[in-house]
Amino acid sequence: MADEKKVILKVKDLYQHFPISNGGIFKKQIGAIRAVDGISFDVYEGEILGIVGESGCGKSTTIRSIAQLHKPTGGEVIFNDVDLCKADNRTLLKERRQIQMIFQDPYSSLDPRMTVANIIAEPLEIYNARGLLDHKWTKEEIDNRVEELMDKVGINIAFKNRYPHEFSGGQKQRVGIARALALNPKIILADEPVSALDVSIQAQVLNLIQDLQQELGITFLFIAHDLAVIQHISDRVVVMYLGKIMEISEANELYKNPCHPYTEALLSAAPVPDPEIEKTRKRIVLEGDVPSPDKERFGCYFYDRCPKKMEYCKNHIPPMFDISENHKCACWHYDKEDHSKEA
Amino acid sequence: MFSKKKKNVTTNEFNQIVEGTSLTKEAWKRLKKNKMAILGLIVVIIYALIAICADMFPLYPYDEVVTEHQHLKPSFSKTSGELMLEKKMQDLYYNAWKQGRLVVGEENDAMIKNWIANDKTNKVWSYLLEAGEAQRAAGAFEWSKSDLSAIEKVEDKIQNDVMVTINGLYKNVNGKNTNLKKLNYNEIADIYASMLGLDRAVLDTSVEKELKMALVNEIKSKDSEISTEDATAQAEIDFANFSEKDFETKAKANVYGKIETQVKRDALKTVKANLKENPSQTFPYEEHQELSYGISADILATKTHDRRYYLGTDYLGRDMLSRIVYGSRVSIGIGLVGTITSILIGILVGSLAGYIGGRVDYYLMRFVDVMYGLPYMLLVIIMMAIFDRSIINLFIALALISWLTIARMVRGQIMSLKNQEYVEAARSMGASTARIITRHMIPNSLSIIIVYSTIRIPNFIMQESFLSFLGLGVQAPYASWGSLIGDAVSSMTLYPWKLIYPSLTMVIFLFAMNFLGDGLRDAFDPQSKNQL
Ligand SMILES: Nc1ncnc2c1ncn2[C@@H]1O[C@H](COP(=O)(O)OP(=O)(O)OP(=O)(O)O)[C@@H](O)[C@H]1O
Ligand SMILES: [Mg+2]
């Protein structure tokens, strides 16, 4: 199946380090937060790729780097044969038109002083003003497009002159989605789009995203904390830990057959809706907290907390091992050689 | 499918687009509920209207000196003449009492002496006036001869003193009246020379001399230690540096003033002569007078002592009402312009620091910190002492130092806005910095800036008043609330109205402004803890 799919976005060895300065006048750099520390993955056209991981593991940073909101420290993000990290401003703008974002907090991602119509029209206006649309759009055309989008995401057109604070959280998130759709993007990067919403509203918004994906064939990169959400919505899942990818797999395969000890722990922590299973469920409790991402690591990033760690893992960074066709895992236990005796 | 739809075709039952309520509208709604704030707003608007339209009210000029009307007390019913007479009578009764001609009884004598010992002069006067009038009505007291002649003198004055105000001067050319103000220096000088039968050359030299003299005085007033010779030399240089236009306007004003004085004198003679001929002439009246030397004038003739001073007069006989109104204009103007200037500087510095961040931010903010550390008022006082004490310099001095807080505030606001997701969203859509600032940052910080400004204005006015009170601010003949109060304190017990009315005006304004500011803050920030 993977062979038929077209790779739409390629992330190669992406690094995103945030410098730590000493706070003096000259801001001497004394270290770096390694928020994203060398990750590679492909995104296929039309899929929903979920990203999971504990808080602070660099999920948001990953998609921000892909959207070039931070200039990545190193690596490539290839879209349409263009490396976005090295593209000049205009090319970047032109290509980025195809990559839009949905934000986590619908309350703060909409400007409180603009009407929803203006908010949804903003990307159109920006690209129109820069002459990057197919032709110069008239006000009328933009208006029509806004109404079309509002209809598509299920907001009453009559409310177009309302302000964000006059909407519920779910409606706001719909506005955010409409805004992301305005430029007909190929990829939408969604950073926990439902985690700020009530559970019942979450389902509605998730269904909307799924419908849009099916109807318009948009590719989604979808971050979520909630494993159930990820399972429900995504085709493939990336598991991240401390700025590194631990495991990439088809969603169902991952839930049935988690390989990485970290994934196992994550899945074991998620409640299961069946009370019988829930009672007998064995939880893997990880020791300690997520270590701080501010130092360079030379072994497995999960080494400190791994219940299955070996001496070998301490000093060797595991590459991605193929488990099956659509399943990769970064753990020395899956190497063909046995490392348990090595140091 | 929607492209065929017309605009505003809708979907809800009422077939209308629902109008949204913006945050500003909501804030306004909340403000309307706050009675004190609305009251404050109304008061502020009234003040502003009065200050702006001051020229349209029938006020006496705020700098018109009528020496005989010194320190008249405020009165709605009495004219200045009656007040003068009353003052004279108070004086005469007091003398009579001292000479023992006016007898009020031993107990009252003791009371009056006690008042005198405690500087309660006003009480003495009003008591003696009342007692004297009562005794005179009852026939127990008679004016002496000298008293009578003094009173008669005053009455005569009241009857016969007239004033002339020139509202326009015209030169009659070929049956057409041309306003003298529209002529240039050369033409005006010709007229004046012919009026006095002077030689033009003589006039030119005397004008030049007077302009130089004015320069010398100006230089001396700025620097009291400069010697007369140095000042004269400096004035020569300044005069030589006058541009054509400078000279033209100054010389013209000089000669125009001379003509006006001359015309006034002549017109006054005519008016007085008319009054003698026809004592029943009603005043005031307006008239177009032809003067002998080919000039005509619009004049307003008034009886000097028919004037009414609703808020009294000051030590030069200037109308307090007019001075307070024009003083309000100066005070509010300085408060407003100063606040605007300081806010512009503050926004510029603050947004630079906040938006660029990093080293720029560091240095700008350290600079602000250092400025904060300096004794603020002292700096302004030093600046005012060094530079020319004009109104412009006053507000520059205030504005230069008062942008600090707003710069910090705007910086904080911009920094927090910079990390807002909607700004990030705009950036992810490729919005330019200019667009982000104008469409997102400014609209979102405006409310805070407006609130801060309204709270800032009273502060500014207080500072201006403080400086003027110290004599470092607004200089005569201009007035401001502070300078009016400053002028009044020394004679507070004798002439309390000079202190009370300006203070009241100022206090009411400051209260109103503070209520408004608080109301605005609560309206824009409903979570604020300071709500009523
Ligand atoms: N602009 C920044 N400057 C410095 N450090 C940052 C910045 N943004 C993120 N970080 C750090 O990078 C790490 C990863 O942050 P990130 O926001 O990507 O986590 P996350 O996986 O999205 O977490 P969450 O699930 O809580 O949203 C964190 O340690 C964070 O402190
Ligand atoms: Mg995040």
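Residues numbered from 1 in each chain as written. Chains lettered and ligands numbered in written order. Predicted model: local features only at pLDDT ≥ 70, side-chain atom pairs only at ≥ 80, totals over all residues. Heavy atoms only, no water.

Caption draft 1: Representation of the overall build of chain A. Looking only at helices and strands, chain A has 10 helices and 12 strands in total. The C-alpha radius of gyration computed for chain A amounts to 21 Å, which stays within 12% of the reference 20 Å derived for 343 residues, consistent with globular compactness. At a minimum sequence separation of 6, the contacts of chain A that also span at least 24 residues come to 63%. Of the accessible surface of chain A, which amounts to about 15,200 Å², a share of 49% is contributed by carbon and sulfur atoms. Averaging the positions of the 43 positive and the 51 negative side-chain charges in chain A gives two centres separated by 5 Å. (Helix = DSSP H or I, 4+ residues; strand = E, 2+ residues; numbered from the N terminus. Rg over C-alpha atoms; globule rule 2.2 N^0.38 Å. Contact = heavy atoms within 4.5 Å. Areas by Shrake-Rupley, 256 points an atom, 1.4 Å probe, with all protein chains shown as cover. Lys, Arg positive; Asp, Glu negative; His and termini not counted. Charge placed at Lys NZ, Arg CZ, Asp CG, Glu CD.)

Caption draft 2: Region of interest: the overall build of chain B. Assigned secondary structure in chain B consists of 18 helices and 4 strands. For chain B, the C-alpha radius of gyration of 32 Å lies well beyond 24 Å, the compact-globule estimate for 532 residues. When its C-alpha atoms are laid out on the principal axes, chain B stretches across 100 × 75 × 60 Å. Out of the 532 residues belonging to chain B, those deemed buried represent 42%. (Buried < 20%, exposed > 50% of the residue type's maximum accessible area, 1.4 Å probe, protein only.)

Caption draft 3: Main features of the packing of aromatic side chains. One pass over the structure, following the stated rule, counts 25 aromatic pairs over all chains. On the numbers, 4.7 Å between centres and 55° between planes, the contact of Y241 of chain A with Y262 of chain A is tilted. Here Y241 of chain A is found in strand β9 (residues 236–241), whereas its partner Y262 of chain A is found in helix α9 (residues 261–269), with 21 residues between them in sequence. Y262 of chain A shares its class with Y241 of chain A; the two are buried. Seen in terms of ring centroids, F239 of chain B and F247 of chain B are 6.0 Å apart; in terms of plane orientation they differ by 80°. Their pairing is edge-to-face. Overall, F247 of chain B belongs to the partly exposed group, its relative accessible area being 26%. (Phe/Tyr/Trp six-rings, centres within 6.5 Å; stacked < 30°, edge-to-face > 60°.)

Caption draft 4: Quick peek at the sheet that holds strand β5 (residues 82–83) of chain A. Residue and element names in this part refer to chain A. The antiparallel open sheet is built from 4 strands, whose spatial order is β2-β1-β4-β5. Among the strands making up the open sheet, the edge pair consists of β2 (29–44) and β5. Examined bridge by bridge, strand β4 (residues 74–79) and β5 share 2 bridges and lie antiparallel to one another. Residue F79 lies in a different strand from β5, and its bridge partner there is V82. Docked against the sheet, helix α1 (residues 59–66) engages β1 (7–21), β2 and β4, running at close to 115° with respect to β1. (Pairing = 2+ DSSP bridges. Axes fitted to C-alpha atoms, helices over the stretch in contact; angles between N-to-C directions.)

Caption draft 5: Structural context of the sheet that holds strand β12 (residues 327–329) of chain A. All names here are of chain A. The strand order across the open sheet formed by 8 strands is β6-β7-β8-β3-β9-β10-β12-β11, and the pairing between neighbours is mixed. Each end of this open sheet is capped by a strand with a single partner; those strands are β6 (99–102) and β11 (321–324). Each strand axis lies, on average, 20° off the axis of its neighbour in the sheet, ignoring direction. Across 4 bridges, the pairing between strand β3 (residues 48–52) and strand β8 (residues 219–223) is parallel. Each bridged residue has a counterpart across the sheet, and for I48 the counterpart in β8 is F220. Against the sheet, helix α6 (residues 199–216) makes contact with β3 and β8, and its axis sits at roughly 155° relative to β8, the strand it touches most.

Caption draft 6: Representation of the site of ligand 1 in the model. Residues and elements named next belong to chain A. Close contacts around ligand 1 come from 13 residues, with S55, G56, K59, S60 and T61 the closest. Here an oxygen atom of ligand 1 sits 2.8 Å away from a polar atom, N or O, in the side chain of K59. T61 has a polar side-chain atom sitting 2.4 Å from an oxygen atom of ligand 1. When contributions to the shell around ligand 1 are tallied by element, the ones reaching two or more residues are β2 and α1. Its residues assigned to classes, the shell around ligand 1 comprises 5 nonpolar, 6 polar and 2 charged. (Near = heavy atom within 4 Å. Polar contact = N/O pair within 3.5 Å; in protein donor to acceptor, adjacent residues only side chain to side chain. Nonpolar A, V, L, I, M, F, W, Y, C, P; charged D, E, K, R; others polar.)

Caption draft 7: Inspection of the interface of chain B and chain A at higher detail. Taken together, the contact pairs 38 residues of chain B with 40 residues of chain A. Taken together, the links from chain B to chain A amount to 3 salt bridges. There are 13 residue pairs in polar contact (both at pLDDT 80 or more) connecting chain B and chain A. Among the elements that take part in the side of chain B that touches chain A, helix α15 (residues 421–428) of chain B stands out by supplying 7 residues, more than any other. Taken together, the residues of the side of chain B that touches chain A break down into 13 nonpolar, 15 polar and 10 charged. (Salt bridge = Lys/Arg side-chain N within 4 Å of Asp/Glu carboxyl O.)

Caption draft 8: Looking closely at the nonpolar core. Of all hydrophobic cores here, the largest spans 132 residues; its most connected members are L9, F41, I177, L189, L221 and F222 of chain A. It is helix α3 (residues 116–129) of chain A that provides the largest number of residues to this core, a total of 8 residues. The contacts of F222 of chain A, once residues within four sequence positions are left out, are I48, L49, G50, I51, A190, P193, L206, I209, V229, I230 and I233 of chain A. In this structure, V162, I191, V255 and Y256 of chain B belong to the second largest nonpolar core, which totals 39 residues. (Core = buried A, V, L, I, M, F, W, Y, C linked by side-chain atoms within 4.5 Å.)

Caption draft 9: Examining the packing of helix α1 (residues 23–33) of chain B against helix α18 (residues 497–524) of chain B more closely. Residues and elements named next belong to chain B. Direction vectors running N to C along α1 and α18 enclose 135°, while the axes themselves pass 8 Å from each other. Regarding the angle of α1 to α18, the classification is oblique. In the crossing of α1 with α18, the sense of the turn from one axis to the other is right-handed. Mapping the contact onto sequence places A27, R30 and L31 in α1 and G519, L520, D522, A523 and F524 in α18. Looking at side-chain class alone, the contact of α1 with α18 contains 5 nonpolar, 1 polar and 2 charged residues. (Parallel < 35°, antiparallel > 145°, perpendicular 65-115°, else oblique. Left-handed = near helix turned anticlockwise from the far one by under 90°.)

Caption draft 10: A look at the packing of helix α8 (residues 200–222) of chain B against helix α9 (residues 228–240) of chain B. Residues and elements named next belong to chain B. The interhelical angle for the contact between α8 and α9, taken along N-to-C directions, is 120°, at an axis separation of 8 Å. Taken together, the axis directions place α8 and α9 in an arrangement best described as oblique. Here α8 runs over α9; the crossing is right-handed. From α8, E208, L211, K212, L215, V216, I219 and K220 reach across to α9, where they touch T228, A231, T232, Q234, A235, E236, D238 and F239. Its residues assigned to classes, the contact of α8 with α9 shows 7 nonpolar, 3 polar and 5 charged.

Caption draft 11: Here's a closer look at helix α10 (residues 244–277) of chain B. End to end, α10 of chain B covers 49 Å across 34 residues, agreeing with the expected 50 Å (1.5 Å per residue, within 8%). Among all positions of α10 of chain B, only A251, N254, V255, Y256, K258, I259, Q262, V263, D266, A267, V271 and L275 of chain B are buried. (Expected span 1.5 Å × (residues − 1).)

Caption draft 12: Structural detail: the environment of V451 of chain B. Residues and elements named next belong to chain B. Positionally, V451 belongs in helix α16 (residues 433–470). On the basis of relative accessible area, V451 is assigned to the buried category, the value being 8%. Considering only alpha carbons, one finds V451 and G517, 66 residues apart in sequence, at a separation of 5.9 Å.

Remember, this is a structural readout, not a statement about activity or role.
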